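# Understanding the architecture of this molecule
Listed below, chain by chain, are the residues.
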Amino acid sequence: MAGVNRTAYRTCPLCEAACGLELTVADDVVTGVRGDRDHVFSHGFLCPKGATFGRLSDDPDRLRRPMIRRGGRHEEVSWPEAFAAVEAGLRPIIEGYGQQAVAAYLGNPNVHTMAGGLYVTPLLKALGTRNIFSASTVDQMPKHVSCGYLYGNPLAIPVPDLDRTDYLLMLGANPWESNGSLATAADFPGRLRAIQARGGRFVVVDPRRTRTAEHADEHLFIRPGTDAYLLFGIVHTLFAEELIDLGRLTPYINGVEELRGLAAAFGPERVTAVCDVPADRIRGLARELAAAPTAAVYGRIGTCTVEFGTLTSWLVDVVNVLTGNLDRPGGVMFPLAAHLRPNAQPGGRGFTTGRWHSRVRGLPEVKGELPVATLADEIETPGEGQVRAFLTVAGNPVLSTPNSDRLARALDGLDFMVSVDPYLNETTRHADVILPPLDALRKGHYDFSFLALAVRNFAAYSPPVLPPGPDGMDECDILARLILIISGQGAEADPALVHERLLEQALSRAGAAGLRDTVSGDGPAERLLDVALRTGAYGDRFGAVPDGLSLDRLLAAPHGIDLGPLQSRIPEVLRTPSGLVELAAPPLIAEVTRLRDALDRPRPGLVLIGRRHLRSNNSWMHNVPALVKGRDRCTLQIHPADAAGLALTDGAPAAVTSRAGSLSATVEVTDRVMPGVVSLPHGWGHDLPGVRLSVAAAHPGVNSNVLTDELVIDPLSGNAVLNGIPVEIKPA
Ligand SMILES: Nc1nc2c(c(=O)[nH]1)N[C@H]1C(S)=C(S)[C@@H](COP(=O)(O)OP(=O)(O)OC[C@H]3O[C@@H](n4cnc5c(=O)[nH]c(N)nc54)[C@H](O)[C@@H]3O)O[C@H]1N2
Ligand SMILES: Nc1nc2c(c(=O)[nH]1)N[C@H]1C(S)=C(S)[C@@H](COP(=O)(O)OP(=O)(O)OC[C@H]3O[C@@H](n4cnc5c(=O)[nH]c(N)nc54)[C@H](O)[C@@H]3O)O[C@H]1N2
Ligand code: SF4
Ligand SMILES: [Mo]
C-alpha cells in the first residue's frame, strides 16, 4: 500500500480540549491534519498545535529505543538491557532502604494517555511509597481540595455550562491561548463568542490584557494573588444587598449563615485597596451575577497557583452557589463521563487531607501525594526515609516546578533515576535509564480525565493509527514491566501477568467476574476501557442494555458519540457525610482568618506572573519547528511606566532576581501588563548540557521557575505559588 493516502480519525491528545482530528496518512507519515468536521464535540475546530500532531511522531530527536547513561552520556540500548538496568538500580534501594526511599513524579501528559489513566495507580501501589509527587501541585490541586470540602469528592469539579450560560465571569484563565482547562471545551473561543451572539456577556479578570480579555465585554485588571478578596467582596455584596437565591438547591446547602459572618470583613471598599478592582465594579459584578438569568464563575491557573489558591477556588463555587447557579443549566454543572457511574445514593465519607506528612517540612498529604515544592528537600536531606531513587513518568519537573535549579542539583545526588519519557530533556538527562513509549500515532486514545470535565457529555475512542513497529513498546507494557520489577517478579516477567490481573480486578469490581471472554479490545488498555464503558453510566451492562455503550460501539463511531447537554446531579453527586454541599468546612474557615490578617500586609513591589502562548504546551513541544518559528516569545513583559522607572528598554536584557534565584531575560515593554506586574512564560530554558532537543536548543528561552519559590505554597493544598512572585529587576 506504499504511497497510498488514507484517512484516519483521532482525538488530539495535546491539550484538554479533546478535538477530533482528521489525519491524512501515507505509509507511516501524517501528511495532513484537519479538524474533523463531523466530530460530535469539536465540529472541525483545530488549533496550530493540533495541526502539527504528526510532527511529534517523526521528530528525529524523539527517542525510539531506551537509553542508559554511561560515563555521563546517554547511549541507546535494547529493551531487555534497559529493564535489567532498572532492576539492578531499583531493587537494591528498595531492599536496603525500604519503599520510602523511592520517589515518583507524574507529569501532565499522564492525563492525556490511556496508560496514565489506567497503569499509574497500580504502579504507585506497587511502589508503596508516600513520596509521590505530580504536576497537580503546580496546577489544579486547590480546586480538588475546595471541591473535596464542598462536595465530598475532590474529583467532583463543576464546569461552566458555556453553551447555555448568559453571563460568564472568568478569573485567571486565558482560553484563547490555552484552549481551556478544567473545562473541556473544543473551540472555547467560539463558545465564548456564541455567548455574546445570543445576547450574553463575559467578563475577564486578569493582571494582563490577554487575547481572551480583548474579546471580552469587559476586562478588569487585578493585582496577582488577590482574587480571593475580589470574590469575597462579591459575596459580601450578595449578602448586604440581599441578592442570595439558592433556588432549587435550598435544601441541599449547609453553611450559608457562617458565610455571612465570614464575609463581613471583606466589604468592597476594604478589598479594593488590595486587589485594585474598583469597589463599584465589585458591587456591579455581584449584581450582574445575581440578575443574569443564568451565570457562571470560572477560575483557572491564575486562581490556583497563588498563596490563597484553595480559598479562591472555593469562593468561585461559593458565588455560584449563592446566586443559584450551581448544578443548573447555564450555571456550573457536573459532567457524567461514559466510563464513570453515578453514585447509588448521596453522601459518603467526605474528604480529608494530612493522613501523613512529608518527612522534612511536615507538609500534609493531599489526595495521596505530597507537594512537589518539597521534592528537593526529600532528596537532599539525609536520614531515615531519605529519597535515593526517583521515577518520573511524563514529567519535566526541572522546568516546571519551583526553584528548579535547586531541584536539578538535587537530582544529581540520587543513587538511581529512571524516566518513562520520549525525550532526552532537562529532566531525563539526569536519569540512569530512559524508557521511551510509543508516540501518539501508535497508541489508542480515550480521555479518562477530560471527558469527566467536558461542557457537554460525549465519548470518543481512537484506535492506533499506525502499528507499533519493531522497536517500539507500548506505555502500558512499560509501566506493567516496572510494576513487575518493583514487586520483585523480575525484569523478564511477562507484562500480560499485570494486564490480566488488572482486568480481573476491574471485572470483579464491576460485578462481572465471569465475563472475561466477552470483553473486547486489542490491547490491555482497550480491554479495561471496555469494562469501564459497559458498566458505566451509559453502558450496555454486557448486553442487558441493548443500545448501551461499549468499546465496539465507540469503534463504530469515529467522530464520537454525543451524550447530550449536562444534567443536574445534586444530590446524587455529593459525597459529604451530610449528603449536602458544605459551604463552610472548618479548614476553609480557619484559612479565612489568615486571609483577613493578610489584608493589612504591605503591598509587595514588582511581582512576576506567567503566561501561555497558543503555540506552546508547557515545556515539551518547543522541538516542533512550526511551533517555535517567528520572534522570541520568552520575553519579560513590563509596563511602560515601570520600564521607565527602572531604565529598562525594549529588547534589552534585564536581570531578574527573586528569593530563589536570578536570570537574565529580554525586556518587552507593553501596557498589556498592569503597572507593578511583570510576566514571563514557563517551560523554556532548553540550553542545558546533555539534552537532545536540537530545535528547542536553538530557541532556548529562559526558565521562569528559576525564580519561583519552593518555600511559598498554598497551605491547604500544598500547591506551589507560581504567580505573584516578588522580584527585583535592573538592566543587565
Ligand atoms: N511558572 C510556572 N510553572 C508552571 C506552570 C505555570 O503556569 N507557571 N504551569 C504548571 C502546569 S499547569 C503544569 S500541568 C506543569 C507541567 O509540568 P510537567 O508535567 O512536569 O511538564 P511538561 O512540560 O508537561 O512535560 C511533560 C513531559 O512528558 C513527556 N511526554 C510527552 N508525551 C508523553 C507520553 O505520551 N508519555 C510519556 N511517558 N511522556 C510523555 C515530555 O517529553 C515531557 O518530558 O507545569 C507547571 N509549571
Ligand atoms: N497553548 C497552550 N495551551 C495550554 C498549555 C500551554 O502551555 N500552552 N498548558 C495546558 C495546561 S497544563 C493548563 S493547566 C492550562 C491552563 O489554562 P489557563 O489557566 O487558561 O492558562 P493561562 O494561559 O496560563 O492563563 C492563566 C491566566 O491567569 C493570569 N493570572 C496570573 N496570575 C493571576 C492572578 O493572581 N489572578 C488572576 N485573575 N489572573 C492571574 C495570567 O495572566 C493568565 O492570563 O492550559 C493548557 N493549555
Ligand atoms: S485545541 Fe487542544 S485538542 Fe484541539 S487541536 Fe489544539 S491542541 Fe489539540
Ligand atoms: Mo496544567
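Keep in mind that what you see is a predicted model, and the values were worked out from it rather than measured.

### Quick word on the pattern of salt bridges
- A full pass over the atoms with the stated rule returns 46 salt bridges.
- D377 serves as the salt-bridge partner of R361, at 3.1 Å between the closest nitrogen and oxygen. Taken together, the residues R361 in the loop between β14 (332–333) and α15 (375–380) and D377 in helix α15 connect sequence positions 16 residues apart.
- Owing to a relative accessible area of 7%, D377 belongs among the buried residues under this scheme.
- Its salt-bridge partner being E710, residue R406 comes within 2.7 Å of it at the nearest N-O pair. Taken together, the residues span a long stretch of sequence, with R406 in helix α17 (residues 404–412) and E710 in the loop between α25 (694–698) and β26 (713–714) at a distance of 304 residues.
- Residue class for R406 comes out buried when judged on its relative accessible area of 13%.
- For E710, a relative accessible area of 5% translates into the label buried.
- Salt bridges linked by common partners bring R361, D377, E380, R406, R659, D709 and E710 together as one network.

### Topic: the site of ligand 1
- Ligand 1 sits among 30 residues. The nearest are Y105, N108, D421, E475 and S619.
- The contact in question runs from an oxygen atom of ligand 1 to an N or O atom on the backbone of N108, over 2.6 Å.
- Coverage of ligand 1 by the protein amounts to 96% of the 930 Å² it exposes when considered alone.
- Along the lines of polarity and charge, the residues of the shell around ligand 1 split into 13 nonpolar, 12 polar and five charged.

### Details of the layout of surface pockets
- Size it by volume and the second largest pocket reaches roughly 620 Å³.
- The wall of the second largest pocket is formed by 29 residues, among which P224, E307, R601, P604 and G724 lie closest to the centre.
- Elements with a contribution of two residues or more to the lining of the second largest pocket: α11 (268–275) and β28 (725–726).
- Broken down by element, the lining of the second largest pocket gets its largest block of residues, three residues, from α11.
- For the lining of the second largest pocket, the per-class residue count stands at 17 nonpolar, five polar and seven charged.

### Side note on the UniProt feature "domain: 4Fe-4S Mo/W bis-MGD-type" (unreviewed entry) in the protein
- Under the feature "domain: 4Fe-4S Mo/W bis-MGD-type" (unreviewed entry), the UniProt entry names residues 5–61.
- Taken end to end, residues 5–61 is 18% helix and 37% strand, and its first and last C-alpha atoms sit 26 Å apart.

### Quick word on the sheet that holds strand β9 (residues 167–171)
- Read across the sheet, four strands follow the order β11-β10-β9-β13 without closing on themselves; strand pairing throughout is parallel. Each edge of the open sheet is held by one strand with a lone partner, namely β11 (218–220) and β13 (296–299). For this sheet, the mean inter-axis angle between neighbouring strands, taken without regard to orientation, is 15°.
- Direction of pairing for strand β10 (residues 201–205) relative to β11: parallel, over a ladder of three bridges. In the sheet register, V205 faces β11, and the bridge partner there is L220.
- Running over the sheet, helix α12 (residues 279–291) touches β9, β10, β11 and β13 and is turned about 135° from β9.
- Taken strand by strand, helix α14 (residues 309–322) contacts β9 and β13, and its axis lies near 175° from that of β13.

### Quick look at the site of ligand 3
- All residues adjacent to ligand 3 are C12, L14, C15, A17, A18, C19, F45, C47, K49, G50 and N179.
- Broken down by class, the residue content of the shell around ligand 3 amounts to eight nonpolar, two polar and one charged.

### Things to note about the environment of E288
- Considering the arrangement of structural elements, one finds E288 in helix α12.
- For the pair E288 and R201, spaced 87 residues apart in sequence, the C-alpha separation works out to 9.9 Å.
- If we skip the residues at most four places from it in the chain, E288 touches Y167, R201 and R281.
- Of the polar contacts made by the side chain of E288, one reaches the side chain of Y167; its length is 2.6 Å.

### Structural notes on the side chain of T294
- Positionally, T294 belongs in the loop between α12 and β13.
- Of the residues examined, T294 reaches a relative accessible area of 11% and is grouped as buried.
- Beyond its immediate chain neighbours, meaning those up to four positions away, T294 contacts R164, T165, D166, Y167, N325, R328, P329, G330 and G331.

### What about the sheet that holds strand β2 (residues 20–26)?
- Read across the sheet, three strands follow the order β1-β2-β3 without closing on themselves; strand pairing throughout is antiparallel. The two strands at the open ends of the sheet, each matched to only one other strand, are β1 (5–11) and β3 (29–35). Along the sheet, successive strands turn relative to each other by an average axial angle of 30°, direction set aside.

### A look at helix α9 (residues 227–240)
- Look at α9: 20 Å from first C-alpha to last across 14 residues, which is about the 20 Å you get at 1.5 Å a residue.
- Burial of α9 is extensive: 13 of the 14 residues sit out of reach of the surface.
- One or two steps after α9, the chain reaches E242, where phi turns positive at roughly 50°.

### Considering the nonpolar core
- F232, I234, W314 and L435 are the most contacted members of the largest nonpolar core, which totals 174 residues.
- Not counting the four nearest positions on each side in its chain, L435 is found in contact with P66, W79, A82, F83, V86, V418, S419, V420, D421, I478 and L482.
- Core analysis: the second largest hydrophobic core is formed by 27 residues, A135, V138, L370 and A431 among them.

### Observations concerning the packing of helix α4 (residues 114–127) against helix α20 (residues 524–534)
- The geometry of α4 relative to α20 is characterised by a closest axis approach of 10 Å and an angle of 85° between their N-to-C directions. By the angle between their axes, α4 is roughly perpendicular relative to α20. Contacts from M114, L118 and Y119 of α4 reach α20 at P524, A525, E526, L528 and L529.
- When grouped by side-chain class, the residues that make up the contact of α4 with α20 number seven nonpolar, no polar and one charged.

### Points about the side chain of N705
- Looking at the secondary structure, you find N705 in the loop between α25 and β26.
- Here N705 falls in the buried class, since its relative accessible area comes to 2%.
- At 2.8 Å, the side chain of N705 and the side chain of T708 are in polar contact.
- Setting aside anything within four residues of it in sequence, one finds N705 in contact with L399, S400, T401, P402, N403, S404, H682 and L722.

### Here's the deal with the environment of I94
- By secondary structure assignment, the location of I94 is in helix α3 (residues 79–97).
- I94 sits 393 residues away from S487 along the chain, and the two C-alpha atoms are 9.7 Å apart.
- Residue contacts for I94: discarding those within four places in its chain leaves Q99, V102 and I486.

### Focus on a positive patch on the surface
- A cluster of basic residues, K125, R341, R501, R509 and R541, forms a positive patch on the protein surface.
- Structurally, R341 is set in the loop between β14 and α15.
- A relative accessible area of 48% places R341 in the partly exposed class.

Parameters at a glance
Residues numbered from 1 in each chain as written. Chains lettered and ligands numbered in written order. Predicted model: local features only at pLDDT ≥ 70, side-chain atom pairs only at ≥ 80, totals over all residues. Heavy atoms only, no water. Salt bridge = Lys/Arg side-chain N within 4 Å of Asp/Glu carboxyl O. Helix = DSSP H or I, 4+ residues; strand = E, 2+ residues; numbered from the N terminus. Buried < 20%, exposed > 50% of the residue type's maximum accessible area, 1.4 Å probe, protein only. Near = heavy atom within 4 Å. Polar contact = N/O pair within 3.5 Å; in protein donor to acceptor, adjacent residues only side chain to side chain. Areas by Shrake-Rupley, 256 points an atom, 1.4 Å probe, with all protein chains shown as cover. Nonpolar A, V, L, I, M, F, W, Y, C, P; charged D, E, K, R; others polar. 1 Å grid on protein atoms, 1.4 Å probe; cavity = no way out; pocket = protein on both sides within 12 Å on 5 of 7 lines; lining within 4 Å. Points joined across faces, edges and corners; volume = space filled by probe spheres on them. UniProt positions renumbered as here; feature names shortened; annotations may be inferred. Pairing = 2+ DSSP bridges. Axes fitted to C-alpha atoms, helices over the stretch in contact; angles between N-to-C directions. Contact = heavy atoms within 4.5 Å. Expected span 1.5 Å × (residues − 1). Core = buried A, V, L, I, M, F, W, Y, C linked by side-chain atoms within 4.5 Å. Parallel < 35°, antiparallel > 145°, perpendicular 65-115°, else oblique. Patch = residues over 30% accessible without salt bridge, like charges linked within 9 Å, V, L, I, M, F, W, Y side chains within 5 Å. Lys, Arg positive; Asp, Glu negative; His and termini not counted. Charge placed at Lys NZ, Arg CZ, Asp CG, Glu CD.

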